[in-house]
Amino acid sequence: MYHYNTYREPKRILVTGGAGFIGSHLCERLLNDGHEVLCLDNFFTGMKNNIVHLLQNPRFELIRHDVTEPLLIEVDWIFNLACPASPIHYQYNPVKTIKVNVLGALNMLGLAKRVRARILQASTSEVYGDPEEHPQTEEYWGHVNPIGKRSCYDEGKRVAETLFFDYLRQNKVDIKVARIFNTYGPRMRPDDGRVISNFIVNALDNIPITLYGDGTQTRSFCYIDDMIEGLIRMMDYGSCEQTREQDYTKPYLSGFPGPINLGNPDEVSIASIAEKIILLTGSKSELFFDKLPEDDPRRRLPDISKATKLLKWEPHTGLDEGLGKTIEYFTKTK
Ligand code: NAD
Ligand code: UDP
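Note that the structure is predicted; figures quoted are calculated from it, not measured.

> Can you help me understand the overall build of the protein in this one?
Counting secondary structure elements, the protein contains nine helices and 13 strands. Relative to a compact globule of 334 residues, whose C-alpha radius of gyration would be 20 Å, the protein shows 19 Å and is just as compact. Expressed along its principal axes, the backbone C-alpha trace of the protein runs to roughly 65 × 45 × 40 Å. Counting only residues that meet the buried cut, the protein has 55% of its 334 residues in that class. Look at the contacts in the protein between residues 6 or more apart in sequence, and 82% of them connect residues 24 or more apart. Just so you have it, the protein exposes about 15,000 Å², and 52% of that area is on carbon and sulfur atoms. Treating the 40 positive side-chain charges of the protein as one cloud and the 45 negative ones as another, the clouds have centres 4 Å apart.

> How should the packing of helix 3 (residues 94-115) against helix 4 (residues 151-171) be read in this particular structure?
For any two helices packed against each other, the geometry is given by the interaxial angle and the distance between the axes. Packing of helix 3 against helix 4 brings their axes to within 9 Å, and their N-to-C directions diverge by 15 degrees. On the basis of the axis angle, helix 3 is roughly parallel to helix 4. In this structure, helix 3 crosses over helix 4, and the sense of that crossing is right-handed. Judged by residue contacts, Pro 94, Thr 97, Ile 98, Asn 101, Val 102, Ala 105, Leu 106, Leu 109, Gly 110 and Lys 113 of helix 3 engage Cys 152, Tyr 153, Gly 156, Lys 157, Val 159, Ala 160, Leu 163, Phe 164, Tyr 167 and Asn 171 from helix 4. Taken together, the residues of the contact of helix 3 with helix 4 sort by class into 13 nonpolar, five polar and two charged.

> Which parts of the structure should I look at to understand the pairing of strand 1 (residues 12-16)?
Moving residue by residue along a regular strand, the side chains alternate between the two faces of the sheet. Among the five residues that make up strand 1, four are buried, leaving the element largely enclosed by the rest of the structure. Inspection of the sheet shows strand 1 paired to strand 4 (residues 77-80) by four bridges, in the parallel sense. Directly across from Val 15, in strand 4, lies its bridge partner Phe 79.

> It is not clear to me how the pairing of strand 4 should be interpreted in this structure. Could you clarify?
Here strand 4 shows a buried face lined by Trp 77 and Phe 79 and a second buried face lined by Ile 78 and Asn 80. For strand 4 and strand 5 (residues 118-124), the ladder comprises four bridges, and the chain directions are parallel. Within strand 5, the residue paired with Phe 79 across the bridge is Leu 120.

> Sorry if this is basic, but what is going on with the sheet that holds strand 1 here?
The strands that make up a sheet are held in pairs by hydrogen bonds between backbone atoms, and each pair lies either parallel or antiparallel. Spatially, seven strands are ordered 3-2-1-4-5-6-11 in an open sheet, and the strand pairing comes out parallel. For this open sheet the edge positions go to strand 3 (60-64) and strand 11 (260-262), each flanked by a neighbour on one side alone. Pairs of neighbouring strands in the sheet enclose a mean axial angle of 20 degrees, with direction left out of account. Of the strands in this sheet, strand 1, strand 2 (36-41), strand 3, strand 4 and strand 6 (175-180) are in contact with helix 1 (residues 21-32), which crosses strand 1 at around 170 degrees. Along the sheet, helix 4 makes contact with strand 5 and strand 6, crossing strand 5 at roughly 155 degrees.

> Is there a simple way to think about the state of the cysteines in this case?
As enumerated under the stated definition, the model contains zero disulfides in all. In this structure Cys 27 is not part of a disulfide, and its nearest cysteine sulfur, from Cys 39, lies 4.3 Å away. For Cys 27, a relative accessible area of 0% puts it in the buried group.

> Looking at this model, I keep getting lost on the nonpolar core. Mind explaining?
If you look at soluble globular proteins, the nonpolar side chains tend to sit buried side by side. Core analysis: the biggest nonpolar cluster contains 61 residues, and Phe 79, Phe 199, Phe 221, Leu 231 and Leu 262 have the highest contact counts within it. By residue number, the principal contributor to this core is helix 6 (residues 224-236), which donates seven residues. Excluding anything up to four places from it in sequence, Phe 79 contacts Ile 13, Leu 14, Val 15, Thr 16, Leu 26, Leu 30, Leu 120, Leu 231 and Met 235. Residues Ile 78, Val 100, Ile 175 and Val 177 belong to the second largest nonpolar core, which totals 33 residues.

> Can you help me understand the packing of aromatic side chains in this one?
Centre distance and the angle of the planes are the two values used to describe a pair of aromatic rings. If you walk through the whole model with that rule in mind, you get nine aromatic pairs. Measuring from centroid to centroid gives 6.4 Å for Trp 77 and Phe 79, while their planes differ by 80 degrees, and the two rings are edge-to-face. You'll find Trp 77 and Phe 79 in the same group, each marked buried. Where Tyr 184 meets Tyr 223, the ring centres are 5.6 Å apart and the plane angle is 65 degrees; that geometry is what we call edge-to-face. A residue pair is termed long-range when its members are at least 10 positions apart, and Tyr 184 in strand 7 (residues 183-184) and Tyr 223 in strand 10 (residues 222-223) qualify at 39 residues. By relative accessible area, which is 3% here, Tyr 223 ends up buried.

> Could you clarify how one ought to interpret the site of ligand 1 in this entry?
Neighbouring ligand 1 are 30 residues; Ile 22, Asp 41, Thr 45, Tyr 153 and Lys 157 lie closest to it. Between ligand 1 and Thr 183, the relevant distance is 2.8 Å, taken from an oxygen atom to a main-chain nitrogen or oxygen of the residue. Note that a nitrogen atom of ligand 1 is positioned 2.8 Å from one of the side-chain N or O atoms of Arg 194. Alone, ligand 1 offers 820 Å² of accessible surface; in the complex the protein occludes 97% of this. Among the secondary structure elements, those contributing two or more residues to the shell around ligand 1 are helix 1, strand 2, strand 5 and helix 4. Tallied by class, residues from the shell around ligand 1 come to 16 nonpolar, ten polar and four charged.

> I keep staring at helix 6 and nothing clicks. Help me out?
The α-helix advances 3.6 residues per turn, and as a result positions three or four apart in sequence lie on the same side. Its 13 residues place the ends of helix 6 18 Å apart at the C-alpha level, agreeing with the 18 Å of an ideal helix rising 1.5 Å per residue. Along helix 6, twelve of the 13 residues are buried, which leaves the element largely enclosed by surrounding structure. Of the positions making up helix 6, those classed as buried are Ile 224, Asp 226, Met 227, Ile 228, Glu 229, Gly 230, Leu 231, Ile 232, Arg 233, Met 234, Met 235 and Asp 236. Positive phi appears at Gly 238, one or two residues downstream of helix 6, with a value of about 90 degrees.

Cut-offs used in this document
- Residues numbered from 1 in each chain as written.
- Chains lettered and ligands numbered in written order.
- Predicted model: local features only at pLDDT ≥ 70, side-chain atom pairs only at ≥ 80, totals over all residues.
- Heavy atoms only, no water.
- Helix = DSSP H or I, 4+ residues; strand = E, 2+ residues; numbered from the N terminus.
- Rg over C-alpha atoms; globule rule 2.2 N^0.38 Å.
- Buried < 20%, exposed > 50% of the residue type's maximum accessible area, 1.4 Å probe, protein only.
- Contact = heavy atoms within 4.5 Å.
- Areas by Shrake-Rupley, 256 points an atom, 1.4 Å probe, with all protein chains shown as cover.
- Lys, Arg positive; Asp, Glu negative; His and termini not counted.
- Charge placed at Lys NZ, Arg CZ, Asp CG, Glu CD.
- Axes fitted to C-alpha atoms, helices over the stretch in contact; angles between N-to-C directions.
- Parallel < 35°, antiparallel > 145°, perpendicular 65-115°, else oblique.
- Left-handed = near helix turned anticlockwise from the far one by under 90°.
- Nonpolar A, V, L, I, M, F, W, Y, C, P; charged D, E, K, R; others polar.
- Pairing = 2+ DSSP bridges.
- Disulfide = S-S within 2.5 Å.
- Core = buried A, V, L, I, M, F, W, Y, C linked by side-chain atoms within 4.5 Å.
- Phe/Tyr/Trp six-rings, centres within 6.5 Å; stacked < 30°, edge-to-face > 60°.
- Near = heavy atom within 4 Å.
- Polar contact = N/O pair within 3.5 Å; in protein donor to acceptor, adjacent residues only side chain to side chain.
- Expected span 1.5 Å × (residues − 1).

Next up, the structure:
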């Protein structure tokens, strides 16, 4: 059975990448749950607008900092989200993307080790690359090109996972690794370049929607509120088994470190997403086809049986409902 008793104790929580799409929703939810939140961001892809409504909260603090630089701060939990997630943004400066993933993970793991904090890594379905197994379970090792344009992100995230598990084995750091599958919702950037935001922005402007390839490639889209619930459940998993105060001479580990898949197990083709968005917006946009980017995965679908069993988690927001809320956001902020 899932218990929330330890989670209810207020904690001081660092969210790196806290001004980004997922990070800002996480900060908001953690504040609503009564925690103190330190939001760290260098604003590479994050936006002040995402967190401006949180600035008046006395339990919220904003730190402008680059995660590739060390940081010393007293916290109980760290959510390590700092990293550009959209292909156009992470390919803009690929060397920096690798630094963010590797040096960022090293700095945050070092911090976690020093202050005995629990740390969750925002990993990704991209660790599976262009998968040869379908759906993807956590046991699958992936099929990743090490030298392609997506490699700075995919391999960066893979090294970060390795570092997390080495810090667990070598230093008994209390780690959690969540493999996030495509997530969407309000606060995605209109110029983000990812499929849902691109399609909605173009549909609202009645300009052509560009499908890369023939549109038969698939993804599985998880609405942001469901993802936030999954991330928090993963972070909190095992809290009730032992408390940090029990015995400081023994390493504290909260149980299952992951990796765990978090995503929506509803597989859809990119062409069907375009058609759905045109329908929901009542748009006059036409479909336009362009060449498929290098190493673009053909299929992606999470096996979430582990998350369902251990975290008692599964997404509840269907595509029509989630797209409706996202379209409403982009309509308001246009
Ligand atoms: P995002 O680009 O909106 O957020 C990333 C945040 O990290 C931004 O606020 C950005 O300014 C910040 N950042 C980047 N480099 C930094 C640095 N060097 N120092 C400090 N801050 C830095 O992306 P997102 O969609 O919110 O993704 C958040 C995390 O989740 C990322 O780690 C991403 O890899 C992971 N993820 C996201 C998805 C998704 O579908 N959104 C899927 C898989 C994994
Ligand atoms: N895509 C598309 N048109 C766009 C943006 C993306 O056809 O304007 C396709 C892209 O080639 C990929 C899928 O949509 O097959 C998802 O792309 P996204 O960048 O959102 O996520 P990722 O490829 O990282 O899963």
